[in-house]
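Spelled out, the chains give:
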Amino acid sequence: RWLTCKSLPPGALERIAGTVADRVRVPWFAGAVKINVSLVPPLVLLPVSLHVAALHFLLGLVILTSLPVVVLWYYYLTHRRKERTLFFLSLGLFSLGYMYYVFLREVVPRGHIGFAQVAALTCGLVLMLAALSRAKTDPGYLPIPASSEKPPQRGVPNSSVRGSSNGLHGVATSGAASGRAVNGEPKGYFRVSAEEPEGVKKDWCAKCQLVRPARAGHCRLCGRCVRRLDHHCVWINSCVGEQNHQAFILALSFFMLTSVYGITLTLHTVCRGRTPFVALFYCPGAYSDYSSALSFTCVWYCAIVTAGMGYILLIQLLNISYNVTEREARLALRDNTGRRLLGGLVIDTGQYNRGFLCNWGHFLSLGSSPPQRSAEDIV
């Protein structure tokens, strides 16, 4: 029906895709292991694209221009559907491994790179992977109350603590009980707490059914609340929060240093006699043989990825300098409560900004002490 352009039943393509995803398995000793379909495309797409791009300059221009467009389109598609995917993590890790493989096979045998330079590049790669592994750990998830395992029947906070529908924010002051229905519940369903003093603010997450500490937020992709939530990073397939923000910045920094160093070594080998910046745009002998063309194409691919990651690192460093998270900046833009600084690169909310040195001191002390347990957690 699809080939003949006839209408399909609702959800037919989704069921077909789900069946195919369930059947993609690898034989193993204890039984076939299911493979996440999103892991496969980068393993095929990247090598084929780079090898085709190395055939001619115009092919390289078209492919290296279209690759970022395809990645951004897939990001928009998954972000709109609120889906978690391993595509970006697979693409990042496989890109690192494949670039390192091309460097050892095509660039090092030319004889212009010494053992010390290869060792330095390898150490940078290992340190980056170690920091990435640390960034993949618990970002600071808040414990889910036992009462949230089933729909609550009694004791739900009153309407003075409003739960946001999207889990991003929900600050309200305590006061007299309201007779309005909240979150679709009938009138008089919520209990009034007489022990809360006037003016005390709480941040209630309607999805996790808990009171969040300051600067915590709910990730709609992970389905959990995270302490000092910065953002959900698709490249590590995890949230960046209080416990792993330092490792995330460290991984980005090691990546930038290692990538720039590898690009410089490769350009010095393929385009000898020219500075790296000039060789990146003008290297007449790059397509004289297939090995040089492949190396030059990989350099341009690395340069595009490095530019994107460099922008992310710059925004992160500016946010740290002003002690603001990506989530807080996004909410400040939506509510028109922040100031745009440095051409809009950073949004200063002014709420937690205590000066450059104090802000960095606060960031470097993240996760140094275990978080304080609230009374709600103890109860």
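Just so it is clear, the structure is predicted and the values come from calculations on it, not from any experiment. (Residues numbered from 1 in each chain as written. Predicted model: local features only at pLDDT ≥ 70, side-chain atom pairs only at ≥ 80, totals over all residues. Heavy atoms only, no water.)

## Considering the overall build of the protein chain
Turning to step 1, where the next piece is worked out: When helices and strands are tallied, the protein chain shows 11 helices and 11 strands.
Turning to step 2, where the next piece is worked out: Counting the 379 residues in the protein chain, one finds 39% classified as buried.
Turning to step 3, where the next piece is worked out: Taking contacts inside the protein chain between residues at least 6 apart in sequence as the whole, the part at least 24 apart equals 64%.
Turning to step 4, where the next piece is worked out: Summing over all exposed atoms, the protein chain offers an accessible surface of approximately 21900 Å²; the carbon and sulfur share of this is 64%. (Helix = DSSP H or I, 4+ residues; strand = E, 2+ residues; numbered from the N terminus. Buried < 20%, exposed > 50% of the residue type's maximum accessible area, 1.4 Å probe, protein only. Contact = heavy atoms within 4.5 Å. Areas by Shrake-Rupley, 256 points an atom, 1.4 Å probe, with all protein chains shown as cover.)

## Considerations on the packing of helix 6 (residues 245–270) against helix 8 (residues 290–321)
Turning to step 1, where the next piece is worked out: Where helix 6 meets helix 8, the closest approach of the two axes is 9 Å, and the angle between their N-to-C directions is 150°. In this view, helix 6 runs roughly antiparallel relative to helix 8, as classed from their interaxial angle. Between helix 6 and helix 8 the crossing geometry is left-handed. (Axes fitted to C-alpha atoms, helices over the stretch in contact; angles between N-to-C directions. Parallel < 35°, antiparallel > 145°, perpendicular 65-115°, else oblique. Left-handed = near helix turned anticlockwise from the far one by under 90°.)

## Concerning the pattern of salt bridges
Two side chains with opposite charge may pair up if their charged atoms get near one another.
Turning to step 1, where the next piece is worked out: What the rule picks out here adds up to 4 salt bridges.
Turning to step 2, where the next piece is worked out: Between arginine 110 and aspartate 289 there is a salt bridge, with its nearest N and O atoms 3.7 Å apart. On the criterion of sequence distance, the pair formed by arginine 110 in the loop between helix 4 (87–107) and helix 5 (115–135) and aspartate 289 in the loop between helix 7 (276–281) and helix 8 is long-range, its members being 179 residues apart.
Turning to step 3, where the next piece is worked out: For aspartate 289, a relative accessible area of 32% puts it in the partly exposed group.
Turning to step 4, where the next piece is worked out: The residue aspartate 335 makes a salt bridge to arginine 334 at a minimum N-O spacing of 3.1 Å.
Turning to step 5, where the next piece is worked out: By relative accessible area, which is 44% here, arginine 334 ends up partly exposed. (Salt bridge = Lys/Arg side-chain N within 4 Å of Asp/Glu carboxyl O.)

## Some remarks on unusual backbone geometry
Turning to step 1, where the next piece is worked out: Even without being glycine, arginine 228 reaches a positive phi, approximately 45°.
Turning to step 2, where the next piece is worked out: For arginine 228, the position within the fold is in the loop between strand 7 (224–226) and strand 8 (231–233).
Turning to step 3, where the next piece is worked out: A positive phi angle, near 55°, is found at asparagine 336, a position not held by glycine.
Turning to step 4, where the next piece is worked out: As for its placement among the helices and strands, asparagine 336 is situated in the loop between helix 9 (326–335) and strand 10 (339–341).

## What to know about the UniProt feature "transmembrane region" (unreviewed entry) in the protein chain
Turning to step 1, where the next piece is worked out: The positions that UniProt labels "transmembrane region" (unreviewed entry) are, in the present scheme, residues 48–74, 86–103, 115–132, 247–270 and 290–314.
Turning to step 2, where the next piece is worked out: Structurally, residues 247–270 comprises 100% helix and 0% strand, and the distance from its first C-alpha atom to its last is 34 Å. (UniProt positions renumbered as here; feature names shortened; annotations may be inferred.)

## Some details on helix 8
Turning to step 1, where the next piece is worked out: For helix 8, built from 32 residues, the straight-helix expectation of 46 Å at 1.5 Å per residue is met to within 8% by its first-to-last C-alpha distance of 46 Å.
Turning to step 2, where the next piece is worked out: You can read the cap of helix 8 off the contacts: a side-chain oxygen lies 3.2 Å from the backbone nitrogen of serine 291, and it is on aspartate 289.
Turning to step 3, where the next piece is worked out: Positioned one or two residues after helix 8, asparagine 323 has a phi angle of 55°, which is positive. (Expected span 1.5 Å × (residues − 1). Polar contact = N/O pair within 3.5 Å; in protein donor to acceptor, adjacent residues only side chain to side chain.)

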